[in-house]
Each structure stands twice: as C-alpha cells, then as structure tokens.
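Survey of secondary and tertiary structure
Listed below are the residues making up each chain.
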Amino acid sequence: MDRDFQRFYLNAFPQYLEEDVLVVLNYLQSYSTKFHSKHTYQVFVKQDVIHLPVRTYFKLPNNPQFSNFPIIQQKILCCIYTRHHDGFIRQTMLERLLNSPLDDFVIPYVFQLLGEYVQEILKTIEPYINENNHILFAQFILENPKYFQITESRIISYWNEYYRHTQNKYFKDYIGAKILTKLKNLVQNHAHDLNKIH
C-alpha cells in the first residue's frame, strides 16, 4: 500500500480506529484514481487531531452497501465517501451513516457537509440533530469553536449566494439557519456539563 495514501487516511480518523481504517484502505486501493486531493480540514475528536479530506475521488465500489464489512468499517467507508466529488454519492453515504447510531468519529464528516451548498443535504441532516445525538454534536462544537465559526460563515455565504433570491428571502427561514439555532442551543444547554468532563 502506498505510504502517503495510507498516512493520509489514517490521519482522517482517531487513532483507536487504526486497524479498521487499514482494512478499509486495503479494500479502497483498487478503487483509487490517479487524481488525489491532499487538502484537509483539521479538527479534534476527543483530543485526537484528525484531518478531514476536502474531496475524495474513489470510484464507487461494486458493492456500495459494504455489506461484507463489520459495521464499524462500513461507517469508515461511508465517512470517506461523504467527501466524494459527486454530490449524489455524498448524500447517499450520508443517509447510510444517519441510519445507524452515530459515533464520535462520524460527527466531523456529518458536520463538514453542513458547510456545503447543497440544501437537500442540510434537510437530510437537520432531523438527526436531536436528543439521541445532542451530546455528540455539542461536544464536537465545544472542542472545535473556530471550525464551527467557519461552518456558520459558509452556511450564511451559501444562503446569500444560492437561496436568498430564489427560495428563502430571509435567513431565519433557511434550513441552515434553523440548524445553526439548534446547534447553538445544544452548546448552551450542555456546555457546563461537558466542560466538567474535560
């Protein structure tokens, strides 16, 4: 396995997942293309530094359900494909992630999609920012305040560019605004308890 390829994707997940990520990478090698973006976003997951790929360019596997993998490896595969250059594939893999209980390492990949321009993806995510996942989202935001600010700015910018003059004249009516309100409320409600944990 190419060492740069291996290191790039090992850095995209917390260290405790290393063995599972290596299994996934061994599988993905045959679906890799020559073009490979090395740009990443740095975030923290429970004090582990991870580097989210900006875009991936893997071909879609013959078995896109990944049903022959254990659930944790299926989730790792879906996370990687949520960074795919094809928006349809991003949404499909996001929906698969959301149909299972969310893990701490999944949250950054879901969160990254909030800062993209596809309104349908935001509508897919919004119902899952709920009581089952509120601690995970709040913890991620508290650990990554600058990243949250960047995501908020992107949501506002994409609304202004794509939706302000067509569907949502007022930002408060835009799905991205509703998501930001929910996330800020989560942080406000859980900041004290989560800070005590750290």
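Data block above holds the structure.
Here we summarise the structure given alongside this text. Worth saying up front: this structure is predicted, and the values here are computed from it rather than measured.

**Things to note about helix H7 (residues 134–143)**
Where burial is concerned, most of H7 is hidden: seven out of the 10 residues are buried. Within H7, the full set of buried residues consists of Leu-136, Phe-137, Ala-138, Gln-139, Phe-140, Ile-141 and Glu-143.

**Some details on the pairing of strand E1 (residues 40–45)**
The pairing of E1 with strand E2 (residues 48–53) spans six bridges and is antiparallel. Bridge pairing in E2 links Tyr-41 to Leu-52. Connecting E1 to the next strand, E2, in antiparallel fashion are two residues, including Lys-46 with a positive phi near 50°.

**Some words on the packing of aromatic side chains**
In this structure the tally under the stated criterion is 19 aromatic pairs. Aromatic side chains Phe-13 and Tyr-109 sit 5.3 Å apart centroid to centroid with 20° between the ring planes, which places their arrangement in the stacked category. Highlighted residues: Phe-13 in the loop between helix H1 (3–10) and helix H2 (18–28) and Tyr-109 in helix H5 (residues 107–114), separated in sequence by 96 residues. The same class applies to Phe-13 and to Tyr-109, which are both buried.

**Details of the packing of H7 against helix H8 (residues 145–163)**
Two numbers describe how H7 lies on H8: the axes approach to 5 Å, and their chain directions differ by 100°. Viewed along their axes, H7 and H8 adopt a mutual orientation that is roughly perpendicular. Of the residues in H8, those touching H7 at Phe-140, Ile-141, Leu-142 and Glu-143 are Pro-145, Tyr-147 and Phe-148. When the residues that make up the contact of H7 with H8 are grouped by side-chain class, the tally is six nonpolar, no polar and one charged.

**Re the environment of Val-106**
Within the secondary structure layout, Val-106 lies in the loop between helix H4 (87–98) and H5. The sequence separation of Val-106 and Leu-136 amounts to 30 residues, and the corresponding C-alpha distance is 9.6 Å. Non-local contacts of Val-106, meaning those with residues more than four positions away in its chain, are made with Cys-79 and Leu-97.

Rules used throughout
Residues numbered from 1 in each chain as written. Predicted model: local features only at pLDDT ≥ 70, side-chain atom pairs only at ≥ 80, totals over all residues. Heavy atoms only, no water. Buried < 20%, exposed > 50% of the residue type's maximum accessible area, 1.4 Å probe, protein only. Helix = DSSP H or I, 4+ residues; strand = E, 2+ residues; numbered from the N terminus. Pairing = 2+ DSSP bridges. Phe/Tyr/Trp six-rings, centres within 6.5 Å; stacked < 30°, edge-to-face > 60°. Axes fitted to C-alpha atoms, helices over the stretch in contact; angles between N-to-C directions. Parallel < 35°, antiparallel > 145°, perpendicular 65-115°, else oblique. Contact = heavy atoms within 4.5 Å. Nonpolar A, V, L, I, M, F, W, Y, C, P; charged D, E, K, R; others polar.

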